[in-house]
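Architecture at a glance
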Amino acid sequence: MAAINPEFRTELKKYGAFDFNACYNCGNCTAVCSLSTTEDSFPREILRFSTLGLQDDIKSSLKPWLCYYCGECSTHCPQEANPGELMMSLRRWLSAQYDWTKLSGLLYRSLPITIIALLITAIGVLAFGAFENFQLEPIMKFAHQFEMIAIASVFVLILLPNVIRMWWFILKKPGVKVPLSKYFVEIREMVDHMFTQKRALECDKNRFRWFEHFILVIGYLGLLFVTVFLDWFASKNIFIISFGYLLSTIVFVVTFDFVSSRMKKQKEISKFSQPADWLFVIWLFLMGFSAFIVRLFIDTGLLDKNIWLYFFHLIILVQWALIIVPFGKWTHFLYRSFAMYFAKIKA
Amino acid sequence: MNKKIGVYICHCGGNISDYVDVEKVRKSIENDEGVFLVKTTMFACGDANQKEMVDDIRRNELDGVVVASCSPKLHLITFRAVTERAGLNKYNYVHANIREQVSWAHSDDKAGATEKAIHIVKSALAKVRLAESLEPFKIPAKKAVAIIGGGVAGMRAAIELSNMGCPVTLIEREHFIGGRIAQWDVLFTTDQTGKELVTILYNDLISRDNITLFTGAEVISNTGCIGDFKLKIKVTPRFIKENCHKGNLQKAILACPVEVNDEFNFDMTKRKAIYHNFPSEYPHLPAIDPKNCTRCGECEKICESVDLSQKEELIEVQVGSVLMATGFDPYIPAEGEFGFHEFDNLVTLPQFKRMIELNDSKLIFGGKEIRNIAYIYCVGSRQTDGENKYCSRYCCTSAIHAAILTRKKFSNIQNFHFTRGIRTYGKQEVLYAESLKGGDIFLQNYEDDPPVVNQQNKMTVITVNDILTGKREMSVNADLVVLVTGMVPRADNSVGSLFKLPKGRDHFFNEIHMKLRPVETVIDGITICGACQGPKNIMESVNSALSAATKSFSYISKGELEIEPIIAQIDNDQCTWCRVCAEACPFDAIHKEINGTKDIAVINNSVCKGCGMCLPVCPSDAINLIAYSNREIESMIDALAGD
């Protein structure tokens, strides 16, 4: 027997959900969804769980991650209950549940705390600059090292434990019995989805966005590789330099389109934006764009006179690495891939 | 007398002619006695054929017409009208049914079907040969209407009849006017209260000279019929003089030592034997309830306006039509139905609606503040086992409206609705949407798997297998359970029996035809409206009230009534008054009268329906049914049984 918990609605609303309780269970959303199947039917079911406050059922469900938000459900909802936006909010709520530090939830729920966190990191970067007497060379060198350390520690301390928690909620706690070999066999599935997001192609309306998203992922991971492992800013190799220009251009051009469509609010997916959504696309844009300009200034010899530009880039980078990647929307990229992996294991 | 008869045999576009050889039928009768012309036609009811029939009748001066086609239920009136248009008395038309009775019934035997069709047409010919022109009876009609029931339907109908210049006698059983709506607070969609509606109607009502209002009044007998109902009304006194001094009356109410359950609040509160339901109630005069008053005289001592010597009165009124608007009773759950009377925190929807009005800032029940409210729907309606198969129409909307009101009026309310599917039809759907958006939770169960109410450790738990969550068992802790009860017919429906009003399977008063004659009853001159006819909301009650008012007025507006001439006749010489005909008559149209030296049966022409029930029971064969005389019927039988 499951007890109904109407309070859950109040909790979910802090993660951006609204009006979902207007649902009168017609099921149009599930009928129009191109990803919903007989075995894994959504979003009506998960919306019903949310209305009734069946938190355990939601926590052990992969369905919010199986949705790629084409928005057809919200378009066709006769009650304007916005099932698509509920699925998005549930992804936020779930990533807050997976996060052992509980910081994700805090940042999702509170804009002031997000701003304070961004300010603290910015001040930290500036303080470090002051400590180094704003000497560009040692700072750039340290920054390059910092990037590697940050990536490694965020992964080991935050992301890995959180993915393990996700596994625990989804497979262990509900007592799903799976042979160990399956974990190895299906790894391919995870990598596939991580790099291609191929499931999004199954959404009828998503093809162009999937393409944008695909080259953005390639651009982003490529840029990460070029700056961290090939040390783009310090490189003298013409191929590496041009490659970096190309990748950073992809990142800021695609994210510019994402930001502007969120501002135009024409598509269902870009109608509703939470601070975490703005933060993600704007910071990614700023990161690509500032990296591009920094390298341009290096190449034109202007950077020494414009140290502020590098500091701007560094602040964005640190905020990205310490806030958005471990506790923000970046994690959705990770959880989605693992969700496909776990789904395959469960099946 | 040899008649000139025209016969038309219809193909019905193949419906008949595919199985009946209509040409053979035509040939078989064309030389029969009196047949002047026989035609077959693709569609007898078609405009072209109707015109042709009119021309044929006029040109050939036909004095009898038969159409062999579909059921008379479909087109008897059509073809009677055709003969009238041609200047022929419509009773010279006879209808032969060769579709429902022949082609459709015998599609497997074409030869047999044709044979049967020939016999049926021949029998119609036999009848039309003997048919006579008839004129409707005319009887005087009293231009006045009695309305029984002073609720929203009765009051609105009274005002409408008054507008039409028709005197009205409005008879209300209670001492106060307004019926059920006086008990309701804010109403959807106007946000007016029921009391405000009563005020509007009452002020209008008393400003009119041609409406006479009786409260505390009951019709106890009726003699007479359409055009001339003679009603006897028993009026119980209020035991309070009119134009009394009201201040003292309020003190008198306080002084009354008798306390009884207040039915106005569905027994949740107490009232005195001298009472009004609420201070601004109409008429603005308390009443003493003689059933509970002990005649102790306490009130008389305080207030000179109290007059315990007032006596019951009997008043007679004569009206041409009676309009019934006696309303409904709320369903009372059976002992133990969802724990009713077993658990202390269960109320019915009407009780809950009174609670919302009676509580101010906090919703208190049984000394406890209420937060979680569970509503169980369809209690007493749509029963699978019980007799009430119908949907009570108003309850989904009313319960959701009450839930929204509760949430707005009191703080921290959470509503849980246990439904069998929500039916907030029409404009009321916006309430459902509002309720959902406001956070009310709806669960749904199948009819054979109702929610279960249980009490453990002072907690009331409702469990249900929610079909919206894959039939998972869900549970809710509720502080209060509201049984959303439907409407049932009045427990005391004696006034219906008085007029011999037929009831439907649901025991509400029955109309003649749900769609086409929705406010008329088979008792001529009596119309029904409002919830006495079946569950209705206020809007629907008023709709039907206006319709019934118009219909009642249309019976009597000319000052005389035309009555179908096909009725029974008594042969005074043959009749010896054995009363069997009177007993057989379903309409009470036969009574005994002295005729010279002996008693005979007399037919009340305005009540007789010509049903013929009295004919076969008469031992002396003294009754004749006009247009269905023995001669006519026997000649038809001969034709049917002939070669």
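Rules behind the numbers
Residues numbered from 1 in each chain as written. Chains lettered and ligands numbered in written order. Predicted model: local features only at pLDDT ≥ 70, side-chain atom pairs only at ≥ 80, totals over all residues. Heavy atoms only, no water. Helix = DSSP H or I, 4+ residues; strand = E, 2+ residues; numbered from the N terminus. Rg over C-alpha atoms; globule rule 2.2 N^0.38 Å. Buried < 20%, exposed > 50% of the residue type's maximum accessible area, 1.4 Å probe, protein only. Polar contact = N/O pair within 3.5 Å; in protein donor to acceptor, adjacent residues only side chain to side chain. Contact = heavy atoms within 4.5 Å. Disulfide = S-S within 2.5 Å. Pairing = 2+ DSSP bridges. Axes fitted to C-alpha atoms, helices over the stretch in contact; angles between N-to-C directions. Buried area = accessible area lost by both parts, 1.4 Å probe. Salt bridge = Lys/Arg side-chain N within 4 Å of Asp/Glu carboxyl O. Nonpolar A, V, L, I, M, F, W, Y, C, P; charged D, E, K, R; others polar. Domains from an automatic or database assignment. Expected span 1.5 Å × (residues − 1). Arc of directions from axis to C-beta.

When helices and strands are tallied, chain A shows 17 helices and one strand. Computed over its C-alpha atoms, the radius of gyration of chain A comes to 21 Å, within 12% of the 20 Å expected for a compact globule of 347 residues. Seen through its principal axes, chain A has C-alpha atoms that stretch 65 × 45 × 35 Å. For chain A, the residues scored as buried account for 56% of the 347 residues in total.

Residues and elements named next belong to chain A. Looking at the secondary structure, you find Lys 329 in the loop between α16 (307-327) and α17 (330-346). Of the residues examined, Lys 329 reaches a relative accessible area of 16% and is grouped as buried. Only 3.1 Å separates the side chain of Lys 329 from the side chain of Asp 277, close enough to count as a polar contact. Leaving out residues up to four positions away in the same chain, Lys 329 has contacts with Met 88, Tyr 108, Arg 262, Ala 276, Asp 277, Phe 280 and Ile 324.

Summed over the entire model, instances satisfying the criterion amount to zero disulfides over all chains. No disulfide involves Cys166(B); its sulfur sits 14 Å from that of Cys529(B), the nearest cysteine.

Before going further, it helps to spend a moment on the sheet that holds strand β3 (residues 64-69) of chain B. Residues and elements named next belong to chain B. Here we have four strands laid out as an open sheet, ordered β2-β1-β3-β4, and parallel in their pairing. Whereas interior strands pair on both sides, the edge strands pair on one side only; in this sheet they are β2 (35-41) and β4 (93-97). Recorded for the sheet is a direction-independent mean angle of 15° between the axes of neighbouring strands. With five bridges connecting them, β3 and β4 associate as parallel partners. Bridge pairing links Val 65 to Tyr 93 in β4. Against the sheet, helix α3 (residues 72-85) engages β3 and β4, with an angle of about 150° to β4. On top of the sheet, helix α5 (residues 110-130) reaches β1 (5-10), β2, β3 and β4; it is set at about 165° to β4, its chief contact.

Moving on, we get to the interface of chain A and chain B. Opposite the 20 residues of chain A that make contact, chain B presents 21 residues. For the pair chain A and chain B, the summed buried surface comes to about 1,800 Å²; carbon and sulfur atoms form 55% of the total. Counting the surface chain A buries against chain B, the share from its top three residues, Met1(A), Ile4(A) and Arg48(A), is 30%. Inspection of the region where chain A meets chain B yields two salt bridges. A salt bridge links Arg48(A) to Asp466(B); its shortest N-O distance comes to 2.7 Å. Residue assignment for the side of chain A that touches chain B shows that the elements contributing at least two residues are β1 (2-3) and α3 (44-52) of chain A. The biggest single contributor to the side of chain A that touches chain B is α3(A), with five residues. Considered class by class, the residues forming the side of chain A that touches chain B number eleven nonpolar, four polar and five charged.

With that settled, consider the domain arrangement of chain B. According to the domain assignment, chain B contains domain 1 (5-134), domain 2 (145-235 + 312-327 + 492-556), domain 3 (246-302), domain 4 (331-488) and domain 5 (564-626). For domain 1 of chain B versus domain 5 of chain B, the distance between C-alpha centres works out to 33 Å.

Moving on, we get to the domain arrangement of chain A. How big an interface is tends to be stated in terms of accessible area lost as the parts join. All names here are of chain A. Taken domain by domain, chain A holds domain 1 (7-98) and domain 2 (103-346). With centres defined by C-alpha atoms, the gap from domain 1 to domain 2 works out at 26 Å. The interface of domain 1 with domain 2 comprises 32 residues on the first partner and 36 residues on the second. Counting the surface lost from both domain 1 and domain 2, the interface buries some 3,100 Å², and carbon and sulfur atoms represent 62% of this. It is Leu 62, Tyr 68 and Tyr 98 in domain 1 that bury the most area against domain 2; as a group they hold 26% of the surface buried on that side. At the boundary of domain 1 and domain 2, one finds one salt bridge. In this structure, Arg 92 engages Asp 277 in a salt bridge whose closest nitrogen and oxygen atoms are separated by 2.8 Å.

What follows covers α17(A). Spanning 17 residues, α17(A) covers 25 Å between terminal C-alpha atoms, matching the ideal 24 Å at 1.5 Å per step. Along α17(A), 14 of the 17 residues are buried, which leaves the element largely enclosed by surrounding structure.

Glancing now at the pairing of strand β32 (residues 590-595) of chain B. Residue and element names in this part refer to chain B. Both β32 and strand β33 (residues 598-603) contribute to a ladder of six bridges, which runs antiparallel. Along β33, the bridge assignment pairs Ile 590 with Ile 603. Linking β32 back to β33 in an antiparallel pair, the connection comprises two residues, with Gly 596 at a positive phi of about 65°.

Further remarks concern the pattern of salt bridges. Residue and element names in this part refer to chain B. Applying the stated criterion to the full structure yields 40 salt bridges over all chains. Across the salt bridge formed by Glu 298 and Lys 301, the nearest N and O atoms sit 3.2 Å from each other. Placement of the pair is Glu 298 and Lys 301 together in helix α9 (residues 298-302), with a separation of three residues, close to one helical turn. Overall, the relative accessible area of 63% leaves Lys 301 in the exposed class. The residue Lys 408 makes a salt bridge to Glu 434 at a minimum N-O spacing of 3.1 Å. Separated by 26 residues along the polypeptide, Lys 408 in helix α11 (residues 395-409) and Glu 434 in helix α12 (residues 429-437) bring together distant segments of the chain.

This paragraph deals with the sheet that holds strand β9 (residues 217-225) of chain B. All names here are of chain B. Spatially, β9-β10-β15 is the arrangement adopted by the three strands of the open sheet, whose pairing is antiparallel. The two strands at the open ends of the sheet, each matched to only one other strand, are β9 and β15 (313-319). Direction aside, neighbouring strands of the sheet carry axes that sit 20° apart on average. Pairing analysis gives seven bridges linking strand β10 (residues 228-235) to β15, with the strands arranged antiparallel. For Val 235, the partnering residue across the bridge sits in β15 and is Glu 313.

The next thing to look at is unusual backbone geometry. Omega for the bond connecting Phe42(A) with Pro43(A) falls within 30 degrees of zero, at 5°, which places this linkage in the cis form. Within the secondary structure, Pro43(A) is located in the loop between α2 (28-32) and α3. Of the consecutive residues Tyr282(B) and Pro283(B), the connecting peptide bond is found in the cis state with omega at -15°. Its identity as a non-glycine residue notwithstanding, Asp588(B) has a phi of 60°, on the positive side. Mapped onto the elements, Asp588(B) comes out in the loop between α15 (580-584) and β32. Residue classification places Asp588(B) among the partly exposed residues on the basis of a relative accessible area of 48%.

Attention now goes to helix α16 (residues 630-641) of chain B. Residue and element names in this part refer to chain B. End to end, α16 covers 16 Å across twelve residues, agreeing with the expected 16 Å (1.5 Å per residue, within 8%). All of the buried residues in α16 are Glu 632, Ser 635, Met 636 and Ala 639. Buried residues of α16, seen end-on, are gathered within an arc of 100° and therefore sit on one face of the element. Relative to its buried face, α16 has exposed residues pointing more than 90 degrees away, namely Asp 638 and Ala 641. Turning to α16, the residues buried within the fold contact α5.

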